[in-house]
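In case you want the letters, here they are:
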Amino acid sequence: MPSATPPANEAHAPDPVLVVDFGAQYAQLIARRVREARVYSEIVPSTTPVAEMLAKNPKAIILSGGPSSVYQEGAPVVDRALFEAGVPVFGMCYGFQLMATTLGGTVDDNGAREYGRTPLSVSKSGSTLFEGTPDEQTVWMSHGDACSAAPEGFTVTASTGVVPVAAFENDERKLYGVQYHPEVMHTTHGQQVLEHFLYRGAGIQPTWTTSNVVEESVAAIREQVGSKRAICGLSGGVDSAVAAALVQKAIGSQLTCVYVDHGLMRKGESEQVEKDFVAATGVQLKVVDAEERFLTALAGVSDPEQKRKIIGREFIRVFEQAQAELVAEAGEAGEDVAFLVQGTLYPDVVESGGGTGTANIKSHHNVGGLPEDIEFELVEPLRRLFKDEVRMVGQELGLPEDIVQRQPFPGPGLGIRIVGEVTKDRLDLLREADAIAREELTAAGLDRDIWQCPVVLLADVRSVGVQGDGRTYGHPIVLRPVSSEDAMTADWSRLPYEVLAKISTRITNEVDEVNRVVLDITSKPPGTIEWE
Ligand SMILES: Nc1ncnc2c1ncn2[C@@H]1O[C@H](COP(=O)(O)OP(=O)(O)OP(=O)(O)O)[C@@H](O)[C@H]1O
Ligand SMILES: O=c1[nH]c(=O)c2[nH+]cn([C@@H]3O[C@H](COP(=O)(O)O)[C@@H](O)[C@H]3O)c2[nH]1
Ligand SMILES: NC(=O)CC[C@H](N)C(=O)O
Ligand SMILES: [Mg+2]
C-alpha cells in the first residue's frame, strides 16, 4: 500500500475551511490560526481544480500568499468560478492580489514595496473584517506588487502610507482580502481579523475542539478495524502515546503495542517506555530487541536519506515479525493482525511532500521512508493534527503530564544524529554526551523553555585539543537547543552561559574522545532542527 494513501478514518473529517497554498511560507500557520479559532481547516495545493475543492464542502476558502506575481506568465491562477460558488473567500497577500485581478481590479509593480512591520489605517465603519479593531494598527507586510484599484463592487477598508488599497471587501458576495499577513504574530490584530472573517463573514460557529476529535476518531477507528487486531508502533514519544491511547479507547484488547529497541535510543529510554507507559495506560506491550538488525543494515552508510530509508524499512520488517508472532501465539482462534497504528502528524505528511506538493526536505521514516511493499493497512488517527493539538488530545484522554509534555525525539533516533557512519561505539559515546546535556538542562529547569535539544556527534570530524598536558585528536559534539511552536520553523534557544559552560565541561571531562563542544546558532529556516 503506498504510504501517501490517507487511511480510511480520514473520511470522518468535518467540513473544512480550505487554505489554498500558492507556495506560501506560512500556509501551515494559516491553517493553525484557523484551528486556534476552533474551526477545522485543511491545506490544498493551488493546482487543485475548483470542482475538487468544492466537492470537499468547504465552509470557507482562504487564499494564501506566494512568491509569484499575478501578472507574470505561468503564475498560479484560480478559476473565477471559485468566487461565484457562494463560498466565502478571504485572500491574503498573493491571494488578495489574485482576487483583485481575477475580478477586474488592478495589480502592478508600482514601486510600493513593503517588508516587515507596517502601520495600517483602517476605515472601518461597517467593515466585517475591521469593526471592533483600532483605526491605526500594525501589520506584517511582505510584498513588491500592490493593488491600485479594487474590483467593482468592493469597498476599500484599509490603506498604508504607500498602498492605497491594503484591504477590501464585498460583503454581499462574501469576498474579503488583505494585502498583509494576518497569520503572523507581528500583525497585532491578525487573529481578530481572521476570526471576523470566519465568524461574521462566513458565519461559521467555533465548535471544533479536541473532544470532538476524540469522539470522532474513536468511532472512525472502530469502523475501520472492526473485530480484527492491530499493532501500534510505540516509541515513548507523545504522538505514538496519544495514538495508542486513542486506539486503545476504541478497540481495547484488540490492540498490542510494539516497542522496537533499535539500538538508536537515548540512555534509559527503553526502560522508561517499558515501565512508565504501561503503568499509565495498562496497554499490552511487546518489546522487540532489534539492535543487531538495525546496526547491520546501517553498516557502512553515511548518507542521511539512505539511513532514513533503511530505518523506515527495518521498522516495518520488525512490525511484520511481531505480527507473525502475535498470530502464532493466538493460534487458530485469533483474528488477523491487519492494522498498523502510527502516530503520524500533519506536519510529517506535509514535510514528506505528501500534503501540498511541497518539496521533500527529508523522508520521515513513518511517511516518505515507508517501504513500497508494506502490507499493513495504516491507522493514523492524528494525521490531521498539529503537535499542540495532539498534546490537548492526550490531556483529554487523561495521559500523565510527563508523557504529554515530553520533548519530541525522532523515530530514527541517534542514527540521524551521528554525522557519518553509525556504529555501536559511536552510539555509546553520543548516548553519554546526550545524557549529560539532558541532565543539566533538566537541573536548570529549562525543559519547558526549549522545544528539544538534539545532541549531535560529528563522527567524521576531528580536531586537536590539549588535555592533561597531552595532545588529543577527538570529535566535536554539537548542541542544538531550539524553541518552536510546531517544528516547522524554529529559533535557536538563548540558553544561559552558565548552563552551556557546565554541559561543555562535563561532556569534555566525562566522554572519552570528545574534546570540543560547539553550539548551533542557526534558525529554521535555513537549518533544519536535526542535522540529517
Ligand atoms: N522505537 C520505536 N518503536 C516502535 N514504533 C516507533 C518507534 N519510533 C517511532 N515509532 C513509530 O513512528 C511514529 C513516528 O515517530 P515520531 O518520533 O514522529 O513520533 P513519536 O515518537 O510518537 O512522538 P515524538 O515526535 O513526540 O517523539 C511513532 O508515532 C511510532 O508509531
Ligand atoms: O518521527 C520522526 N521521524 C523522522 O524521520 C524525523 N525527522 C525529524 N524529526 C523531528 O521532526 C521535527 C522537525 O525536524 P527537522 O527540522 O529536522 O525536519 C523535529 O522535532 C525532529 O526531531 C522526525 N521525527
Ligand atoms: N507574500 C506574498 O504573497 C507576495 C506576493 C507578490 N509576490 C508580491 O511580492 O507582491
Ligand atoms: Mg519520537
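Residues numbered from 1 in each chain as written. Chains lettered and ligands numbered in written order. Predicted model: local features only at pLDDT ≥ 70, side-chain atom pairs only at ≥ 80, totals over all residues.

A.B. asks: What's the story with the overall build of the protein in this structure? I'm lost.
C.D. replies: Regarding its fold elements, the protein presents 14 helices and 23 strands. Taking the principal axes of its C-alpha atoms as reference, the protein extends roughly 70 × 70 × 40 Å. For the protein, buried positions account for 47% of its 532 residues. (Helix = DSSP H or I, 4+ residues; strand = E, 2+ residues; numbered from the N terminus. Buried ≥ 20, exposed ≤ 12 C-beta atoms within 10 Å, placed from the backbone.)

A.B. asks: Is there a simple way to explain the nonpolar core in this structure?
C.D. replies: Across soluble globular proteins, nonpolar side chains show a tendency to be buried alongside one another. One finds Ala230, Cys232, Val242, Val247, Val341 and Ala433 to be the most contacted residues of the largest nonpolar core, which totals 79 residues. In terms of residues, this core owes the most to one element, helix α6 (residues 238-251), which gives 10 residues. For this core, the two domains that each supply at least three residues are domain 2 (216-404) and domain 3 (417-519). Discounting chain neighbours no more than four positions away, the residues touching Ala433 are Val455, Ile477, Ile507, Val511 and Val514. (Core = buried A, V, L, I, M, F, W, Y, C linked by C-beta atoms within 7 Å. Domains from an automatic or database assignment. Contact = placed C-beta atoms within 7 Å.)

A.B. asks: Just checking my understanding: could you explain the site of ligand 2 for this structure?
C.D. replies: As a matter of local geometry, ligand 2 sits amid 15 residues, with Pro410, Gly411, Thr528, Ile529 and Glu530 nearest to it. Residues of the shell around ligand 2, tallied by class, amount to 5 nonpolar, 6 polar and 4 charged. (Near = placed C-beta within 6 Å. Nonpolar A, V, L, I, M, F, W, Y, C, P; charged D, E, K, R; others polar.)

A.B. asks: Where do I start with the sheet that holds strand β13 (residues 255-261) in this structure?
C.D. replies: Either a parallel or an antiparallel arrangement is found when strands of a sheet pair, and the pairing is made through backbone hydrogen bonds. Ordered in space as β14-β13-β12-β15-β16, the 5 strands form an open sheet in which the pairing is parallel. Of all the strands in the sheet, the pair left with one neighbour each is β14 (285-289) and β16 (377-379). Averaged over all neighbouring strand pairs, the angle between strand axes comes to 30°, with direction disregarded. With 4 bridges connecting them, strand β12 (residues 229-233) and β13 associate as parallel partners. When the bridges of β13 are listed, Cys232 appears paired with Cys257. (Pairing = 2+ DSSP bridges. Axes fitted to C-alpha atoms, helices over the stretch in contact; angles between N-to-C directions.)

A.B. asks: How do you make sense of the confidence of the model for the protein when you look at a structure like this?
C.D. replies: Detailed reading of the predicted coordinates is not advisable wherever pLDDT falls low. Of the residues in the protein, 95% reach a pLDDT of 70 or more, and the chain-wide mean stands at 91. For residues 1-11, every residue scores under 50 in pLDDT, and the model assigns this stretch 20 contacts once sequence neighbours within four places are set aside. (pLDDT = per-residue confidence, 0-100.)

A.B. asks: What exactly am I supposed to notice about the sheet that holds strand β1 (residues 17-21) here?
C.D. replies: Within the open sheet, the 9 strands sit side by side as β2-β1-β3-β4-β11-β10-β9-β6-β7. Their pairing is mixed. Strands at the two margins of the open sheet, each flanked by one partner only, are β2 (41-45) and β7 (136-143). If you compare each strand with its neighbour and ignore which way they point, the axes differ by 25° on average. Both β1 and strand β3 (residues 60-63) contribute to a ladder of 4 bridges, which runs parallel. Bridge pairing in β3 links Leu18 to Ile61. Across the sheet, helix α1 (residues 27-36) lies against β1, β2 and β3, angled at about 155° from β2, the strand it touches most.

A.B. asks: Can you walk me through the site of ligand 1 in this structure?
C.D. replies: Neighbouring ligand 1 are 18 residues, the closest being Gly233, Ser235, Gly237, Ser240 and Gly343. Looking at side-chain class alone, the shell around ligand 1 contains 8 nonpolar, 9 polar and 1 charged residues.

A.B. asks: Teacher, can you tell me more about the UniProt feature "binding site: ATP" (unreviewed entry) in the protein here?
C.D. replies: With numbering aligned to this structure, UniProt lists the feature "binding site: ATP" (unreviewed entry) at Ser235, Gly236, Gly237, Val238, Asp239, Ser240 and Ala241. If you trace the backbone, Val238 turns up in helix α6. With 24 C-beta atoms packed within 10 Å, Val238 lands in the buried category. Once you skip the residues sitting within four places of it in the chain, Val238 turns out to touch Val390, Arg391, Gly394, Ile403, Val404, Arg406 and Pro408. Of note, Ala241 is situated in helix α6. Ignoring sequence-local partners within four residues, the contact set of Ala241 consists of Phe277, Gly394, Leu399 and Ile403. (UniProt positions renumbered as here; feature names shortened; annotations may be inferred.)

A.B. asks: Just to check I follow, could you spell out the domain arrangement of the protein for this structure?
C.D. replies: Taken domain by domain, the protein holds domain 1 (15-201), domain 2 (216-404) and domain 3 (417-519). Where the side of domain 2 that touches domain 3 is concerned, the elements lending two or more residues are α8 (291-298) and α11 (387-396). Classifying every residue of the side of domain 2 that touches domain 3 gives 6 nonpolar, 3 polar and 4 charged.

A.B. asks: Sorry, what's going on with the pairing of β1 here?
C.D. replies: Consecutive residues of a regular strand have side chains that alternate between opposite faces of the sheet. Summarising burial for β1: 5 of the 5 residues are buried, a large majority. In β1, alternate side chains face the same way, and those of Val17, Val19 and Asp21 on one face and Leu18 and Val20 on the other are all buried. Pairing between β1 and β2: 5 bridges, direction parallel. By the bridge assignment, Asp21 is partnered in β2 with Pro45. Once the chain exits β1 it traverses α1 before rejoining the sheet at β2, and the crossover so formed is right-handed. (Right-handed = clockwise from strand over helix to strand, strands pointing away.)

A.B. asks: What am I meant to see in unusual backbone geometry here?
C.D. replies: Leaving glycine out, the prevailing phi sign among residues is negative, and the prevailing peptide bond configuration is trans. The phi torsion at Asn57 lies on the positive side, around 60°, for a residue other than glycine. Within the element layout of this structure, Asn57 appears in the loop between α2 (50-55) and β3. Unlike most non-glycine residues, Lys174 shows phi in positive territory, near 60°. Tracing the sequence through the fold places Lys174 in the loop between β10 (167-170) and β11 (175-178).

A.B. asks: Would you mind going over the packing of α8 against helix α9 (residues 304-330) with me for this structure?
C.D. replies: What describes two packed helices is the angle between their axes and the distance between those same axes. Packing of α8 against α9 leaves a shortest axis separation of 10 Å and a crossing angle of 150°. Crossing handedness for the pair α8 and α9: right-handed. Residues Arg293, Phe294, Ala297 and Leu298 of α8 touch α9, and the partners they reach there are Lys307, Ile310, Ile311 and Glu314. Partitioned by chemical class, the residues of the contact of α8 with α9 number 5 nonpolar, no polar and 3 charged. (Left-handed = near helix turned anticlockwise from the far one by under 90°.)

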